Structures are given as C-alpha cells and as structure tokens.
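# Notes for the structure review
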Amino acid sequence: MNNDEIREVVLRLLSQVAPEADMAVIKPDVRLRDQIDIDSMDALNFLISIDAELHVEIAEADYPKLTTLDNIVAYLAGKLTVDG
Amino acid sequence: MTTMTYREALRSAMRDALERDPRVFLMGEDVGLYGGAFAVSHGLIEEFGPERVRDTPLSESTFVGAGIGAALNGMRPIVEVMTVNFSMLAMDQVLNNAATLRYMSGGQFHVPLVVRMATGGGRQLGAQHSHSLEGWYAHIPGIRVLAPATVADARGMLLAALEQLDPVFIFEHATLYPMEGDIDEQAGAADIDHAAVRRAGKDVTLVTYGGSLGKTLEAAATLAEEGIEAEVIDLRTLRPLDMATVLESVARTHHAVIIDEAWRTGSLAAEVSAQIMERAFNELDWPVQRVCAAEVPAPYAKHMEDATLPQAAQIVRAVQEMFA
Amino acid sequence: MTAGTLVAWRKEPGDAVRRGDIIAEVESDKADVEVEIFMNGVLEKILVEPGEKVPVGTPLATIRLDPGEVEPAPAPAASAAMPAAVPPPMPRAHAGAPAEGRAPISPAARQLAAELHVDLATVTGTGPDGRIQRRDVLAAAEAQRAVAAPTPEAAPRDKQTRMRQAIAAAMMRSAREIPHFHLASTIDMGAATAWLAEENARRKIADRLLSGVLLIKATALALREVPELNASWIDERVMLHESVHTGIAISLPGGGLVAPALHDADRQSLGDLMTNLRDLVMRARAGSLRSSEMSDPTMTITSLGEEGAEAVYGLIYPPQVALAGFGRLHARPMSIGGQVVSRPVVVATLAADHRVADGHRGSRFLAAVEHLLQTPEKL
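Here is a short report on the structure shown in this document. (Residues numbered from 1 in each chain as written. Chains lettered and ligands numbered in written order. Predicted model: local features only at pLDDT ≥ 70, side-chain atom pairs only at ≥ 80, totals over all residues.)

### A word on the overall build of chain C
Across its full length, chain C carries 9 helices and 19 strands. Counting every position in chain C, which comprises 379 residues, the buried fraction comes to 39%. Sequence-distant contacts in chain C: of pairs separated by 6 or more residues, those separated by 24 or more amount to 62%. (Helix = DSSP H or I, 4+ residues; strand = E, 2+ residues; numbered from the N terminus. Buried ≥ 20, exposed ≤ 12 C-beta atoms within 10 Å, placed from the backbone. Contact = placed C-beta atoms within 7 Å.)

Printed below as a string of structure tokens:
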C-alpha cells in the first residue's frame, strides 16, 4: 500500500467515527483533536477499525505519536512495510 | 323609549294586565286604598275598582290560599305579599298547595298564581323586615322564581309571569322601587328563561341578581380601573337557573364570584357555586367565591346593617385576592 | 412527551416475539426510541401504522401471549416514552408515593398545560400554597418558547431544536428547584494509569479499556457506600434506589446531550462496562436508545474527556439528586512523602442536592471514589 492509499483508508475510517466532519478540509499537519470533535471513545474505535482493516495493532504506548493525519499515515506506513 | 321608576314599571304592567285580561286581579295588604305599602299600586283601585284591586286582612296564609283557590278556578290573581319576611306565614300554602297541586292532581289542576313580594334589607327596618329569603323559594320544585333587577325587567317579567300556567314568585328588592331606568312602554312579556350579561369582561365572572346588581356593577367599574375586566351576569330567573350563561362565561374567565344578599349558608349562591364546580371544574383557576350577608339577623342601626350586607368594596376585594 | 410518531415496525403480524426483542421504532423529541417487548408471544395485530402520530398511551399492537405468560402491569406512560423535558421519575417501585407536599394545581392550569404541552413538573406555582395557576403555565410556555431557536414556524419540528428545548427545560428546572452544592477532590491517578497501561498492553486493541470505565466503576461502587446519592427526589421526599444505574453524559454530533443509563454499573466487570459503554455511545449517537435507558439512571456521571477543562461543576438531572464529574487527566505537582513529584491527576467533583446530602456525606463519596481508584486492579 502506498501512502495515498493509506491516507484514503485513514480518512474513511475517521469519517466513520466523526460522520459530521468534512474530511476534505482536514489539515494534515494540525492536531486532529483540534479539528474534529472526537473523544477517547471515538479515538479508540478508530484505532480498532484500523486494526480490523489494516491488521496493524497499535500499542497504547504509541498513541502519543498519532496526533495528526500525517503522522498517523507515516506510522502506519512504517508498520505495513515492516510486516511486508 | 321613556324613563320611569321601577315601581312605575310594575304598575304599568299591572295596569296593562288588568285592562287586557278580566281574569287578572290584584290582592294584598294595603294594595287598594293605601295605594300599596311601596306605592306600587297607587291609583289602580281608582281606575279598576275594588273588585279588581282588593285589600286583604293581615293574614298571609289566608290571602295566598285564596289566591291559589282563585287561580284553580280560572282567575289570574296577582297576590302582593308585603315582604318575603311575612310570606313565611304563607309557606304552607305555597309549598303544600301552590307548588304541588299540579303534581298531586296528575296535571289536572294548574295554579296560575303570581305572587309579588318585596325582599332585602338596607332600609333600617330591623331583623323581622330585612331578610332575603328568595333562595328558599328557589329550592321548591313546581314553581318559577324571578328577580327583576332593572326597570325594563320589572314590567316585562311581570307580564311574562301572568302568561304562565304554574305559580310564579317575583322578588322585588325594596331599594329598587325608586330606581329610574329606560323602558319601552309598549314592550310586552320579557324572556324569563335566561340570565343577562349586564357587563362583558374576560377576567372574572360576577354572578348576581336583584338588589345586588347595582353594587356588583359598581365593583366591576372599580376593578376596571385596576385592569381587571369583570363580566357581570344578572341571573334574572332564580328557578330555573340559567346555568348555561354562567358556565359559558366561566369557561372564558376561569374565575367566579357570586354575590347574594342572603346568608351564605345554604344560599342560592351555594347552589350556583356547586353547579359551577360540577359542570365547569376544569375551567376553574380559583375556587368559586361567594359574597353574601353576614350570618346574623339583620341589625337595625345603619352602620351595623351596612356592615352585614354585601358591599361593592367586598366584591372588589374578593376579586383582587384572585389576581394578587 | 405527549405524543410520538411510529417510525417502523421491526416485526410483522404472525412473528414470534421474545422478551427483549425490539419490535418497533418510535420517534420522540430527543431521539428515535426502540420499543422493547417484555413478554413472550406472537405479534397479532398492528394498530398504528408507520408515519402515524399518536398520543402517549395509545396501544400500538396486540400480542398473543404464550401460554403461562402473565400479562405485565401496564407501564406508566411517563416511563414508557422518551421524556420531552426531563427523565421521568423511577417507575413502579415507588407507586405508593403520597400526594401531600405536592404543589396544588388548579383544574384550569392542568388543562392549559395539556393544551400547551407544558410539563407541570417544570412550572413554579405562584398561587396560595404554591398553587400552579393558568398564569404560571402561560409563563412557563412563554419561557419554553423563549428558549427555542427563533424560527417563524409555529412548532419546531427539528429534532435538534426540540432536544435543545428539552435540555434547556430540564436544566432550568434543575437550577430552579434543586439546592445544589459542589465539592471537588483532586485524585492521584498514578496507580490507575499505570495499571491501565499494563492491562491494555496485555489486551487486544478491541478489548482495551478506557480510563473512563475505571471512573465509572469507582463511582458506582462509591454509591454503595453513600446510598443517599443514588436516589430520586420525588413528591418532596427522597426515594433510594436498589440498583446503581449510572447515567453517562454523552455528547451528540451537532450538539445536544443525552445521559442514558449503564445498568448495574457497580456489578459489571471493567471489560463488560467497556463493551456496554461502547455500545451505549454508538446507539446514543445513532439515536437508537431504549426507553428504559432514558428513564433508569439513578445518578449521572459526566466526564469532560481529554480535551476538557480541569473540573466540571455541573447541574443535576432531576429527579436525580447527584452528579459526579471528572475533568481531564493532567499532570500536576503533588507532595508525596515530602517530595514534590509530577503525578497524573483528575479533579473529581460532586454536585449534590442539599435536601438529601451534606458536605460531610458528599466528601465521604469523593473519598470513596479516590480510594477505589488507588487499587484499580480490584475494580
């Protein structure tokens, strides 16, 4: 999967937990929690859906790395490459 | 249209009746030569003679009974009992004969009797001459009870009463006799089935009759200055009561006060109040209030008598409490 | 709520129905409610068609009960439907509540309230003995209109607006009728966060716990120690509840708030609480909460979450008598063993009804919550 495909999946799964948000206007380098209204439950559900779809399990210790769209995509890209 | 006094209106009705219908005659204490204790029949004996205008002995039971007898035999008597206080002596005739003969005879006998009485206080005549007992009459099935409060009704209701086949008792508040008012002299029998809305209003329904109408209208005027618009209903007929008019009004105003010069306990006001509660319960925003006479025999001294009778200020206060 | 619209039938005549089945969806002011069936039988005849709006209490269908089924007592209309203004009082267990102490209401006021869809529980009476009169109902109706979004339409059909109105009415009633007092306590969450990290590291992502469930469990257990906070104020007296059904304040997309019950929160494992909480939040946001969830909360918990303020001093949802609040988890310097260290803390607050509890009892409650959170493995 290339980064664009990963980004597409991430945005799709994000819109499932934040259906009223407009994914088109998300700034990729700004903290997501500052742009869309999601709480810890939404965040966890999002990560669960990432795990279900991309089979990438994200350790709780890594949560602080996943604050913007860019760094989520980068993290996932890294994990997917490692897993082949 | 012309202006005349209440007593003149009564007289004009009797004169017309005596003229038109030979069955009609007037009978009572001092109605003839004296011209009537309240001057209502003044001049009638001169016009119609002693057969048609008959002075009676001081015996209410006798002459009311005689009136019943005359009515049973096809006459149309007008019996004048000087005041309701004295009519107590004739109650047996009233209840056990006049009111019941039609029922007891299975409709074979009617008693087309009209009895006129002065009622009420306010003239310092003391405990035996000042009470309002028309409520007791309104308690009796088989009779009609009327209370004209205006000059027009004084004439019209008497003429209507003379057309009834069953006994009619007319109560004239003694303070109304000198009251002046407009009247159509040619007007015939008035409607005796309905109450009249004497003043329209949206905030509270004031129900009254007879001698209390004036004070009630006065109270309504005072309340209007405070922004409370009272609807004043003159019952006119005390039996049968026109509750439809009262209930329609209460449905709009949600507040009711009944003003009745009789004593509060077991009064006609109590009957009206009970009916309002029974039939317009959901319309009430406040319990129905009553302004009645104090529960004492009428005093003689003026300031004391005034203190026992319903006054405009009391009516105003009763309404003000509802909107405090 | 005085009327609802039947949205859809989930079962057809002839279908077997079992206790707990959802048989229909009804639209109310706050959300679409799923109508549960409480008996086993067969759906016989549908009495209300989709799209029909009917008054509360209208029978929707007939069910032929299985042999041996006892027909349940008819639920009071208030608890069977979504409340328009405020969650209705706890049902049947307290059916014998005496009338004395309740504000009198004139017959005309009662009638007017029905016509204007004013919840008499939200009206203050200005007549003698606190009697509610027409003018009070009219004032309440005015206030309701004043709170509504200013649209030219006569009755706002918009669900959001209706929800806002309902919340506003409930909050106004809370502020007006409940003598609130607030207590706060800063809770050291070091043990809790450490344990949670360890626990979540062991768990698959789908089974991970949010710190929120620790707070919910601790709150629910603390209510067992201070039971007068797990109660309702009805008819001038406090009614204690047997069970602890914590209402969870959930914000809705587009604005609005619901606080449905997590039943028996004190008796669920953290894993179960997490599963049920997730399900509750999802259904709250989808607008498919069950009527029992709306009417059953015995005490509500509101948590501001990670982006929230440090502490929340909230308003109690009548007829409940308490509200537990938690601010965001953050680091603070604390003095521990004479040393100043940075600890993760959360400020826990209690809003309580002063008719029912005082500072001493409220403090007991917060102390219990704090104590429980120091041994998270026991939650």
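### A few points about the interface of chain C and chain B
Counting residues at the interface gives 7 residues for chain C and 7 residues for chain B. Sort the elements by how many residues they give to the side of chain C that touches chain B and helix α2 (residues 107-116) of chain C lands first, with 4 residues.

### Quick notes on the sheet that holds strand β7 (residues 168-173) of chain B
Residue and element names in this part refer to chain B. Strand order in this open sheet of 7 strands is β3-β2-β4-β5-β7-β6-β12, and the pairing throughout is mixed. At either margin of the open sheet sits one strand with a lone partner, and together these are β3 (53-55) and β12 (237-239). Strand-to-strand twist in this sheet, taken as the mean axis angle between neighbours without regard to direction, amounts to 20°. Sheet analysis places strand β6 (residues 144-146) next to β12, joined by 2 bridges and oriented antiparallel. By the bridge assignment for β12, Val 145 is matched with Arg 239. (Pairing = 2+ DSSP bridges. Axes fitted to C-alpha atoms, helices over the stretch in contact; angles between N-to-C directions.)

### Quick notes on the pairing of strand β14 (residues 289-293) of chain B
Residue and element names in this part refer to chain B. A large share of β14 lies buried, amounting to 5 of its 5 residues. As defined by bridge partners, strand β13 (residues 256-263) adjoins β14 across 5 bridges and the pair is classed as parallel. Within β14, the residue paired with Trp 263 across the bridge is Ala 293.

### Details of the pairing of strand β4 (residues 32-36) of chain C
Put simply, side chains in a regular strand alternate between the two faces of the sheet. All names here are of chain C. When strand β3 (residues 22-27) meets β4, the two strands line up antiparallel, connected through 5 bridges. Bridge pairing in β4 links Val 26 to Val 33. Sheet topology places β4 next to strand β15 (residues 288-290); 3 bridges connect them, and they run parallel. Of the residues in β15, the one forming a bridge with Val 33 is Leu 289.

### Brief notes about the environment of Leu 146 of chain B
All names here are of chain B. Tracing the sequence through the fold places Leu 146 in strand β6. Given 28 C-beta atoms within a 10 Å radius, Leu 146 is considered buried. Sequence separation of Leu 146 and Tyr 209 is 63 residues, and the distance between their C-alpha atoms is 9.4 Å. Those residues in contact with Leu 146 that sit more than four places away from it in its chain are Met 157, Ala 161, Val 168, Ile 170, Ile 192, Arg 236, Thr 237 and Leu 238.

### Concerning α2 of chain C
Taken together, the buried positions of α2 of chain C are occupied by Ala 108, Ala 109, Leu 112 and Ala 113 of chain C. The buried residues of α2 of chain C occupy an angular sector of 135° when the element is viewed end-on, so they sit on one face. (Arc of directions from axis to C-beta.)

### What about the sheet that holds strand β6 (residues 53-55) of chain C?
Residues and elements named next belong to chain C. Spatially, 5 strands are ordered β6-β1-β3-β4-β15 in an open sheet, and the strand pairing comes out mixed. Bordering the open sheet on either side are β6 and β15, each of which pairs with just one other strand. When strand polarity is set aside, the average angle formed by the axes of neighbouring strands in this sheet is 40°.

### Here's the deal with the packing of helix α6 (residues 211-225) of chain C against helix α7 (residues 270-286) of chain C
All names here are of chain C. Here α6 crosses α7 at 110°, and the two axes come no closer than 10 Å. Taken as axis vectors, α6 and α7 run roughly perpendicular relative to one another. Once α6 is placed against α7, the crossing between them reads as right-handed. Residues Val 213, Ile 216 and Lys 217 of α6 lie in contact with α7, whose contacting residues are Leu 270, Leu 273, Met 274 and Leu 277. Along the lines of polarity and charge, the residues of the contact of α6 with α7 split into 6 nonpolar, no polar and 1 charged. (Parallel < 35°, antiparallel > 145°, perpendicular 65-115°, else oblique. Left-handed = near helix turned anticlockwise from the far one by under 90°. Nonpolar A, V, L, I, M, F, W, Y, C, P; charged D, E, K, R; others polar.)

### A closer look at helix α9 (residues 213-225) of chain B
Residues and elements named next belong to chain B. Between the first and last C-alpha of α9 there are 19 Å, a value that for 13 residues agrees with the 18 Å anticipated at 1.5 Å per step. Taken together, the buried positions of α9 are Leu 213, Lys 215, Thr 216, Leu 217, Ala 219, Ala 220 and Leu 223. The inward-facing, buried residues of α9 contact β9 (196-199), β10 (204-208), β11 (230-234), β13 and α13 (312-322). With its phi angle positive at about 85°, Gly 227 sits one or two positions after the end of α9. (Expected span 1.5 Å × (residues − 1).)

### Considering the environment of Tyr 177 of chain B
All names here are of chain B. Along the polypeptide, Tyr 177 turns up in the loop between β7 and β8 (180-183). Residues Tyr 177 and Ala 39 lie 138 residues apart in sequence; the distance between their C-alpha atoms is 8.8 Å. Excluding residues that lie within four positions of it along the chain, Tyr 177 makes contacts with Thr 5, Tyr 6, Arg 7 and Phe 38.

### Side note on the interface of chain C and chain A
Taken together, the contact pairs 15 residues of chain C with 14 residues of chain A. Elements that contribute at least two residues to the side of chain C that touches chain A include exactly α5 (190-202) and α7 of chain C. Residue composition of the side of chain C that touches chain A, by class: 7 nonpolar, 4 polar and 4 charged.

### Re the environment of Glu 27 of chain C
All names here are of chain C. Topologically, Glu 27 is positioned in strand β3. The class of Glu 27 is partly exposed, set by 18 C-beta atoms lying within 10 Å. C-alpha separation for the pair Glu 27 and Gly 51, spaced 24 residues apart in sequence, amounts to 9.5 Å. Other than its neighbours up to four places away in sequence, Glu 27 contacts Gly 4, Thr 5, Val 7 and Asp 32.

### Details of the nonpolar core
In this structure, Leu 206, Val 257 and Ile 315 of chain B are the most contacted members of the largest nonpolar core, which totals 111 residues. Once you skip the residues sitting within four places of it in the chain, Ile 315 of chain B turns out to touch Leu 206, Lys 215, Thr 216, Ala 219, Val 257, Ile 259, Val 291 and Pro 310 of chain B. In terms of nonpolar packing, the next biggest core, distinct from the first, is built from 91 residues, Leu 76 of chain A together with Ala 231, Val 244 and Leu 262 of chain C among them. (Core = buried A, V, L, I, M, F, W, Y, C linked by C-beta atoms within 7 Å.)

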